[in-house]
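These are the residues of each chain, in order.
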Number of protein chains: 2
Amino acid sequence: MKNKCDVIKDLLQSKQISFPKEEVLVFAPSNIALVKYWGKRDTELNLPQTSSLSVTIPKKGANTRLKLIDAEQDHIILNGEALDAKHPFAIKAADYLTLFRPITKRFYQVNSDSNIPIAAGLASSASGFAALVMALNELHQWQLGLEEQSILARMGSGSACRSFWPGFVEWHKGQNDDGMDSHGEPFNVPWPDLCLGVSLVSEQIKPVSSRDGMNRTTQTSPFYPAWPNKVEQDLENIKQAIYDKNFHRFGQVVESNALAMHATMMSAWPPILYWLPETVEHMHRVWQLRQQGIGIYFTQDAGPNLKFLFMKQQIGDIQKQFPMLEVVALFSKQ
Amino acid sequence: MKNKCDVIKDLLQSKQISFPKEEVLVFAPSNIALVKYWGKRDTELNLPQTSSLSVTIPKKGANTRLKLIDAEQDHIILNGEALDAKHPFAIKAADYLTLFRPITKRFYQVNSDSNIPIAAGLASSASGFAALVMALNELHQWQLGLEEQSILARMGSGSACRSFWPGFVEWHKGQNDDGMDSHGEPFNVPWPDLCLGVSLVSEQIKPVSSRDGMNRTTQTSPFYPAWPNKVEQDLENIKQAIYDKNFHRFGQVVESNALAMHATMMSAWPPILYWLPETVEHMHRVWQLRQQGIGIYFTQDAGPNLKFLFMKQQIGDIQKQFPMLEVVALFSKQ
């Protein structure tokens with residue numbers, strides 16, 4: 001079995017190692033899974049039990065500045081704050097950079113600004129790790145392809161492997177033990193009027209990390225064994241709905257997939273519930289809107305915030321119910 | 001296949017039919033399922049997919065006065081209010097009495113006082129139908145045994161078949177097509193200090209009836225196929241925990257069974273969520289108490305209210321967090 005360092009060596013061995021740049025600045029967007037990733041077939045390499053499908057959020061994500069430093073350890077700066085080496089995010093970033101050390105032999109300053117709340121189920125780690133990989137690739141001028149970068153990012157945080165393309169992206173679970181076939185791929189069917197709305201319920205750090213939540217769910221939920229089959233059907237249905245521009249079918253898959261994922265969590269022991277009272281209130285408001293004939297569906301990740309999906313034409317009606325809603329046009333051309 | 005009327009005829013044919021009394025007054029308690037009934041194998045006779053186990057709530061339930069009247073239809077009075085014949089509860093009660101009409105040939109006045117909120121997931125229909133059967137049996141002096149009455153009540157409302165005994169009661173799912181082996185049976189292991197707490201979140205009528213919720217769940221939830229096996233294991237474990245007086249094991253089964261039932265509902269389509277924001281708030285409060293070392297677990301039926309289970313010794317600590325809590329000693333001797 002290969003470990004992460006082996007995979008990195010394999011990926012980089014054919015690359016021409018030129019002089020690194022002094023400093024680079026990259027941006028990686030966040031992405032929201034519409035058919036979720038929940039559960040690993042390999043915890044070392046972050047290989048998933050199922051494929052998944054996301055949509056990239058334009059302009060929301062991480063701006064990361066990376067430079068080489070003469071120091072005995074990496075320096076991590078997050079949203080302007082220099083983190084103590086024992087801060088959980090500093091540990092995660094440094095552990096990840098350490099995987100590259102056998103090749104790069106150097107320490108880094110990572111200065112990352114995220115314009116989304118950290119660890120509130122808005123996939124901040126996806127954009128964070130995607131940006132870190134993009135930055136490493138540029139700094140060292142490895143000229144890795146996007147799929148290769150996707151594989152590297154996956155080993156930092158699974159969902160990060162979907163942040164390398166705009167629009168819909170499918171992460172193929174892959175078959176291989178080394179995960180070289182487990183990476184993102186764009187699903188190139190744009191949907192010009194599709195919008196995402198985020199209504200922040202809480203920016204609290206989540207009480208159970210996704211990683212721990214997944215492991216507990218796969219180990220203890222009596223419903224987890226039925227999850228992979230559910231995902232497979234949902235993937236088929238959502239792709240068809242996207243081709244057909246059938247928004248209600250699309251929304252049904254998205255919402256039912258998210259609720260089913262949370263159902264596997266709450267049937268784990270101890271139960272995992274990322275919901276807050278406001279989460280439930282927002283769900284009921286969404287269902288009320290639907291009863292009024294307004295096309296809105298929600299999804300929810302490992303945090304209390306709901307994300308809404310709707311067509312541009314409905315923005316006005318929806319903002320009446322959710323005045324604080326931040327709306328993102330997912331396929332805006334600029 | 002037998003229908004309800006056939007079963008009633010079978011049960012009553014061997015009974016000596018004497019003159020009915022003029023009027024009777026009975027009380028039937030409510031019961032709370034600790035391992036839940038969710039899903040039917042036969043919708044005509046209310047035969048369940050799984051066995052279940054409840055605890056009877058002393059003194060909470062229905063006081064029902066039944067008398068024969070000279071009229072062309074049944075008169076239903078609920079909590080002092082004469083119901084219109086089109087009221088859903090009047091329809092339910094009259095439909096049920098109609099099943100007996102081929103034998104009794106008479107109409108009734110049913111005057112039922114419930115000291116628990118109606119249809120808020122506190123099993124009001126369980127005590128209502130159990131009381132109605134007890135009253136019919138007494139009025140007509142059929143001298144049916146408790147198991148026979150349990151079978152009759154089950155055909156009105158499944159969970160009513162568990163309301164004929166104090167303490168823990170198991171409802172055997174049975175094997176027979178006519179359901180003559182599907183009735184309650186006392187599980188005679190008392191637990192003197194066990195308490196139930198009810199904290200009312202809402203007395204609203206639930207938006208989806210248990211009957212409709214069950215049917216939608218069995219038909220559309222991808223997790224429902226795993227539910228019967230979960231229940232079977234939970235039944236085995238809870239009985240062992242009751243024998244052993246192992247409160248934490250007991251509580252774990254109770255809470256995980258309830259959450260798993262709700263997980264099957266929310267993964268149905270359209271999703272079924274009996275939760276309100278306060279439901280989630282109360283869950284988090286329960287988990288906080290447990291983190292402080294206080295033994296409290298919850299269960300939840302097809303409504304927003306949680307019911308807590310704890311030992312008498314913890315009442316003080318728990319009432320600090322839930323000042324409005326109504327506490328019932330489940331095995332109190334009087």
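Please read all numbers here as calculations on a predicted model, not as lab measurements.

Some remarks on the overall build of chain A
Along the backbone of chain A there are 9 helices and 13 strands. Computed over its C-alpha atoms, the radius of gyration of chain A comes to 20 Å, within 12% of the 20 Å expected for a compact globule of 334 residues. Overall size of chain A, expressed as C-alpha extent along the three principal axes, is 60 × 40 × 35 Å. Pairs at least 24 residues apart make up 72% of the contacts formed inside chain A by residues separated by at least 6 positions.

Considerations on the relation of the copies chain A and chain B
Each copy of the chain is related to the other by a rotation around an axis and a translation along that axis. The two copies are related by a screw motion: chain A maps onto chain B through a turn of 180° and a shift of 0.0 Å along the axis, at an RMSD of 0.0 Å. Taken together, these values place the two copies in the relation of a two-fold axis.

Quick look at helix 5 (residues 210-220) of chain A
Residues and elements named next belong to chain A. All of the buried residues along helix 5 are Ser210, Gly213, Met214 and Thr217. Projected down its long axis, helix 5 carries its buried residues within an arc of 100°, all on one side. Of the surrounding secondary structure, the elements contacted by the buried residues of helix 5 are strand 2 (40-42) and helix 7 (247-266).

Here we look at helix 2 (residues 88-104) of chain B
Residues and elements named next belong to chain B. With 17 residues, helix 2 should cover 24 Å at 1.5 Å per step; its first-to-last C-alpha distance of 23 Å lies within 8% of that length. Remark: the principal bend of helix 2, roughly 35°, maps to Thr98, with a proline, Pro102, within the next four residues. Those residues of helix 2 lying buried are Ala90, Ala93, Ala94, Tyr96, Leu97 and Phe100. The inward-facing, buried residues of helix 2 contact helix 1 (4-13), strand 5 (75-78), strand 7 (107-114), helix 3 (124-139) and helix 4 (146-156).

Side note on the interface of chain A and chain B
At the junction of the two partners, chain A supplies 23 residues and chain B supplies 23 residues. For the side of chain A that touches chain B, the elements supplying multiple residues, two or more each, are helix 7 and helix 8 (277-291) of chain A. Residues that form the side of chain A that touches chain B fall into these classes: 16 nonpolar, 4 polar and 3 charged.

Observations concerning the environment of Pro270(A)
Residue and element names in this part refer to chain A. In this fold, Pro270 is placed in the loop between helix 7 and helix 8. For Pro270, a count of 13 C-beta atoms within 10 Å gives the class partly exposed. Taking the C-alpha atoms as reference, Pro270 lies 8.2 Å from Arg216; in sequence the two are 54 residues apart.

A look at the confidence of the model for chain A
Averaged over every residue, the pLDDT of chain A is 93; residues scoring 70 or more account for 97%. Reported for the predicted complex are a pTM of 0.94 and an ipTM of 0.93.

What about the environment of Phe247(B)?
Residues and elements named next belong to chain B. Among the secondary structure elements, Phe247 is positioned in helix 7 (residues 247-266). The sequence separation of Phe247 and Gly295 amounts to 48 residues, and the corresponding C-alpha distance is 7.9 Å. Aside from chain neighbours lying at most four places away, what touches Phe247 is Gly295 and Met311.

Here we look at the domain arrangement of chain A
Residues and elements named next belong to chain A. As assigned here, chain A comprises domain 1 (4-187) and domain 2 (194-329). On a C-alpha basis, the centroid separation for the pair domain 1 and domain 2 is 25 Å. Each side of the interface is counted separately: domain 1 has 23 residues, and domain 2 has 35 residues. Of all the secondary structure elements, the ones that give two or more residues to the side of domain 1 that touches domain 2 are strand 1 (23-35) and strand 4 (52-69). Here the residues of the side of domain 1 that touches domain 2 are counted per class, giving 15 nonpolar, 5 polar and 3 charged.

Topic: the pairing of strand 10 (residues 194-199) of chain A
Residue and element names in this part refer to chain A. Along strand 10, 5 of the 6 residues are buried, which leaves the element largely enclosed by surrounding structure. As defined by bridge partners, strand 10 adjoins strand 12 (residues 306-311) across 6 bridges and the pair is classed as antiparallel. Along strand 12, the bridge assignment pairs Val198 with Lys307.

Thoughts on the sheet that holds strand 11 (residues 297-300) of chain A
All names here are of chain A. Pairing in this open sheet of 4 strands is antiparallel, and the strands run 11-12-10-13 from one edge to the other. Where the open sheet ends on each side, the last strands, each with one partner, are strand 11 and strand 13 (326-329). Strand-to-strand twist across the sheet, computed as the mean angle between neighbouring axes with direction ignored, equals 30°. Against the sheet, helix 7 touches strand 11 and strand 12, its axis set at about 30° to strand 11. Contacts from helix 8 reach strand 10, strand 11 and strand 12 within the one sheet, and its direction differs from that of strand 12 by about 15°.

Considerations on the packing of helix 1 (residues 4-13) of chain A against helix 2 (residues 88-104) of chain A
All names here are of chain A. Relative to each other, helix 1 and helix 2 sit at 45°, their axes nearing to 9 Å. Relative to helix 2, the element helix 1 is oriented oblique. At the point where helix 1 passes helix 2, the crossing takes the right-handed sense. Within the contact between the two elements, helix 1 uses Lys4, Cys5, Ile8, Lys9 and Leu12 and helix 2 uses Leu99, Phe100, Pro102 and Ile103.

Focus: the sheet that holds strand 10 (residues 194-199) of chain B
All names here are of chain B. In space, the 4 strands of this open sheet follow the order 11-12-10-13, with antiparallel pairing throughout. Each edge of the sheet is formed by a strand with only one pairing partner; in this case those strands are strand 11 (297-300) and strand 13 (326-329). Direction aside, neighbouring strands of the sheet carry axes that sit 30° apart on average. Here strand 10 runs beside strand 13; their pairing, made up of 4 bridges, is antiparallel. Residue pairing for strand 13: Leu196 is matched across the bridge by Val328. With respect to the sheet, helix 7 is in contact with strand 11 and strand 12 (306-311), its orientation differing from that of strand 11 by roughly 30°. Relative to strand 12, helix 8 (residues 277-291) is tilted by about 15°, and along the sheet it contacts strand 10, strand 11 and strand 12.

Some words on the packing of helix 6 (residues 227-244) of chain B against helix 7 of chain B
Residues and elements named next belong to chain B. Their axes nearest at 9 Å, the elements helix 6 and helix 7 cross at an angle of 160°. Between helix 6 and helix 7, the angle falls in the class roughly antiparallel. Crossing of helix 6 against helix 7: the hand is left-handed. In this structure, helix 6 uses Trp227, Lys230, Asp234, Asn237, Ile238, Ala241 and Ile242 to contact helix 7, whose residues at the interface are Arg249, Phe250, Val253, Asn257, Ala260 and Thr264. Taken together, the residues of the contact of helix 6 with helix 7 break down into 7 nonpolar, 3 polar and 3 charged.

Comments concerning the nonpolar core
If you look at the biggest cluster of nonpolar residues, it comprises 184 residues, and the most contacted ones within it are Ala130(A), Leu132(A), Phe308(A), Ala130(B), Leu132(B) and Phe308(B). When sequence neighbours within four positions are dropped, the list of residues in contact with Leu132(B) reads Thr64(B), Ala93(B), Tyr96(B), Val110(B) and Gly156(B).

What to know about the environment of Pro225(B)
Residue and element names in this part refer to chain B. Along the chain, Pro225 falls in the loop between helix 5 (210-220) and helix 6. The class of Pro225 is partly exposed, set by 13 C-beta atoms lying within 10 Å. Distance from Pro225 to Thr264, taken between C-alpha atoms, is 9.5 Å for residues 39 residues apart in sequence.

So, unusual backbone geometry
Excluding glycine, residues mostly carry a negative phi; peptide bonds, for their part, are mostly trans. Residue and element names in this part refer to chain A. Of the consecutive residues Trp269 and Pro270, the connecting peptide bond is found in the cis state with omega at -10°. One non-glycine residue, Gln143, lies in positive phi territory at about 55°. Turning to its location among the elements, Gln143 is positioned in the loop between helix 3 (124-139) and helix 4 (146-156).

What counts, and at which threshold
Residues numbered from 1 in each chain as written. Chains lettered and ligands numbered in written order. Predicted model: local features only at pLDDT ≥ 70, side-chain atom pairs only at ≥ 80, totals over all residues. Helix = DSSP H or I, 4+ residues; strand = E, 2+ residues; numbered from the N terminus. Rg over C-alpha atoms; globule rule 2.2 N^0.38 Å. Contact = placed C-beta atoms within 7 Å. Least-squares fit on C-alpha atoms with pLDDT ≥ 70 in both. Buried ≥ 20, exposed ≤ 12 C-beta atoms within 10 Å, placed from the backbone. Arc of directions from axis to C-beta. Expected span 1.5 Å × (residues − 1). Bend = angle between axes of the 7 residues up to and from the residue. Nonpolar A, V, L, I, M, F, W, Y, C, P; charged D, E, K, R; others polar. pLDDT = per-residue confidence, 0-100. Domains from an automatic or database assignment. Pairing = 2+ DSSP bridges. Axes fitted to C-alpha atoms, helices over the stretch in contact; angles between N-to-C directions. Parallel < 35°, antiparallel > 145°, perpendicular 65-115°, else oblique. Left-handed = near helix turned anticlockwise from the far one by under 90°. Core = buried A, V, L, I, M, F, W, Y, C linked by C-beta atoms within 7 Å.

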